[in-house]
Amino acid sequence: MRIAVIGGGINGLCTAWELAKAGYQVQLFERDALMQATSRASSKLLHGGLRYLEQGEFRLVREALQERRWWLNKTSQLTRRIPLLYPLYRQGRRPRWQLKIGLMLYDFFAGRKGIGRHRWLTAAQTLRCSPQLTAEGLQGAYLFFDGQMDDYQLGLWVAAQCRKAGVTLFEHQPVLKLAASGELLLSSGWQSFDRIINVAGPWSEALLQQSNLPVQQSLDLVRGSHLLLPTLGRYGHMLEVPGSRRIVFALPYKHQCLLGTTEVRQQLHEPIACSEAERDELLAVYNQYFHPQMQPVDVLDSFAGVRPLLKSSADSSRASREYTLHWQQQLLTVSGGKWTTARALARQVAKQVRQSTKQM
Ligand SMILES: Cc1cc2nc3c(=O)[nH]c(=O)nc-3n(C[C@H](O)[C@H](O)[C@H](O)COP(=O)(O)OP(=O)(O)OC[C@H]3O[C@@H](n4cnc5c(N)ncnc54)[C@H](O)[C@@H]3O)c2cc1C
């Protein structure tokens, strides 16, 4: 059975790999080079997402923590365990008991083979770990652990697994149009497949629209930008954005500090880049927590990506990070998802493809 996968981000690559392992003949079409879009503009965390517990997304967090373990075990050359501090200040938004419950659940969902349990650090211990943190009002911090990756290189590693499993990967091959009966239009003409999997991330909905196909799951496109600043040392930080429910990470990454992210609604025709307003917003959060203060001239680099979130909430920071799958005849469209859960998403796709062939 011939299957076409559209999109060479992490979700498309994991899907192609999983389908090839299940014995299908898979061809993947990517309009640019592999791993050039959202999947290389992430916060580089292989994580359950502590803050999604606040939104009651227990299924997602548990699944992501199991996936985190897999990536850390199987791809240790491109991933590592990272210690994270959640500093608590007198004027903070979340009380200590709430974080304690969240972290107990996080450890529980990670299972007995977790990567280390959380613990409370006094203010003095916290400042020893992270001397640049503002001492005024600091009550202490929770120390916990997550995974970190080189998202681009890890995606290329998955691409190599695809090739080994027999997937043909086509780069610079945009799919111009789809037909639900299993045809897709390339610059060379129409090609026919038994199944088509539309995993074009933020562009999956637009691809349906340009093919005059109904959209079953609308997306909320939300840009997230990161800055690279001089290093803060070996600890990552999870920081409350003053006056908001949002969280910003300040993470050690390749001898620099990766600071992000923002949440700005985005149209597909707009450039995907960090705006001056986002840069200033991130620097304001940084300067609230750390000294010496950073100015725009201290920014070493910046990058941005667009989250393909399921349209579920007016407040994008509360929008679900879950994924959904929708069939239209031979065409399956994948919407949403996180980097960490790309393999779990791919397993669901393979399961549904298997079931669809039994029904034939
Ligand atoms: C700022 C930010 C931070 C994030 N941080 C994390 C994190 O730390 N951890 C985590 O787990 N998740 C994180 N995420 C989420 C994660 O990055 C995304 O969920 C994931 O990368 C989406 O992958 P994808 O393959 O669906 O999309 P993409 O990586 O965007 O891939 C889609 C691909 O489809 C291609 N395409 C589009 N149209 C066509 C067409 N017509 N023909 C052929 N190809 C086409 C595109 O060129 C693109 O390469 C973050 C997201 C953002 C934006």
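None of these values were measured; they are calculated from a predicted model.

Asker: Would you take a moment to explain the packing of helix α2 (residues 58-74) against helix α8 (residues 342-358) for this structure?
Answerer: What describes two packed helices is the angle between their axes and the distance between those same axes. At a minimum axis distance of 8 Å, the contact between α2 and α8 shows a crossing angle of 110°. For the element pair α2 / α8, the angle class is roughly perpendicular. Here α2 contributes Glu63, Glu67, Trp70 and Trp71 to the contact with α8, which in turn contributes Arg343, Ala344 and Arg347. When its residues are assigned to classes, the contact of α2 with α8 shows three nonpolar, no polar and four charged.

Asker: Could you clarify how one ought to interpret the domain arrangement of the protein in this entry?
Answerer: Interfaces are often sized by the accessible area lost when the parts come together. Segmenting the protein into domains produces domain 1 (2-39 + 152-218 + 320-358), domain 2 (50-147) and domain 3 (220-310). In this complex, domain 2 contributes 23 residues to the contact, which on the side of domain 3 involves 20 residues. Regarding the contact of domain 2 and domain 3, the summed buried area is about 2000 Å², with carbon and sulfur atoms giving 54% of it. Interface area lost by domain 2 to domain 3 is led by Arg51, Arg93 and Gln132, which between them contribute 29%. At the junction of domain 2 and domain 3, the tally comes to three salt bridges. Between glutamate 54 and arginine 245 there is a salt bridge, with its nearest N and O atoms 3.6 Å apart. The interface formed by domain 2 and domain 3 contains 10 residue pairs in polar contact (both at pLDDT 80 or more). When contributions to the side of domain 2 that touches domain 3 are tallied by element, the ones reaching two or more residues are β4 (79-89) and β6 (138-149). Taken together, the residues of the side of domain 2 that touches domain 3 break down into 13 nonpolar, five polar and five charged.

Asker: Is there a simple way to explain the packing of aromatic side chains in this structure?
Answerer: Any two aromatic rings considered together are summarised by their centre-to-centre distance and by the angle between their planes. One pass over the full model with this rule turns up 13 aromatic pairs. Aromatic side chains phenylalanine 58 and phenylalanine 109 sit 6.1 Å apart centroid to centroid with 55° between the ring planes, which places their arrangement in the tilted category. Separated by 51 residues along the polypeptide, phenylalanine 58 in helix α2 and phenylalanine 109 in helix α3 (residues 96-110) bring together distant segments of the chain. An aromatic cluster is present here, built from Trp17, Trp70, Trp71, Trp157 and Trp339 joined pairwise through their rings. Over the ring of tryptophan 120 we find arginine 96; its NZ or CZ atom is 3.7 Å from the centre of that ring. A cation over an aromatic ring shows up here: arginine 343 above the ring of tryptophan 70, its NZ or CZ 3.6 Å from the ring centre.

Asker: It is not clear to me how the site of the ligand should be interpreted in this structure. Could you clarify?
Answerer: Around the ligand lies a shell of 36 residues, among which Glu30, Thr38, Ser39, Leu45 and Thr340 are the nearest. In the model, a nitrogen atom of the ligand is placed 3.1 Å from a nitrogen or oxygen of the arginine 31 main chain. Measuring from an oxygen atom of the ligand, one finds a side-chain N or O atom of threonine 38 at 2.6 Å. Calculation on the ligand without its partners gives an accessible area of 1000 Å², and the protein chains cover 96% of this total. Where the shell around the ligand is concerned, the elements lending two or more residues are α1 (10-21), β12 (219-230) and β17 (301-310). When residues in the shell around the ligand are grouped by element, the largest group, three residues, is from β17. Of the residues contributing to the shell around the ligand, the split by class is 14 nonpolar, 16 polar and six charged. Counting only domains with at least three residues in the shell around the ligand, you end up with domain 1 (2-39 + 152-218 + 320-358) and domain 3 (220-310).

About the thresholds
- Residues numbered from 1 in each chain as written.
- Predicted model: local features only at pLDDT ≥ 70, side-chain atom pairs only at ≥ 80, totals over all residues.
- Heavy atoms only, no water.
- Axes fitted to C-alpha atoms, helices over the stretch in contact; angles between N-to-C directions.
- Helix = DSSP H or I, 4+ residues; strand = E, 2+ residues; numbered from the N terminus.
- Parallel < 35°, antiparallel > 145°, perpendicular 65-115°, else oblique.
- Contact = heavy atoms within 4.5 Å.
- Nonpolar A, V, L, I, M, F, W, Y, C, P; charged D, E, K, R; others polar.
- Domains from an automatic or database assignment.
- Buried area = accessible area lost by both parts, 1.4 Å probe.
- Salt bridge = Lys/Arg side-chain N within 4 Å of Asp/Glu carboxyl O.
- Polar contact = N/O pair within 3.5 Å; in protein donor to acceptor, adjacent residues only side chain to side chain.
- Phe/Tyr/Trp six-rings, centres within 6.5 Å; stacked < 30°, edge-to-face > 60°.
- Lys NZ or Arg CZ within 6 Å of the ring centre and 35° of its normal.
- Near = heavy atom within 4 Å.
- Areas by Shrake-Rupley, 256 points an atom, 1.4 Å probe, with all protein chains shown as cover.

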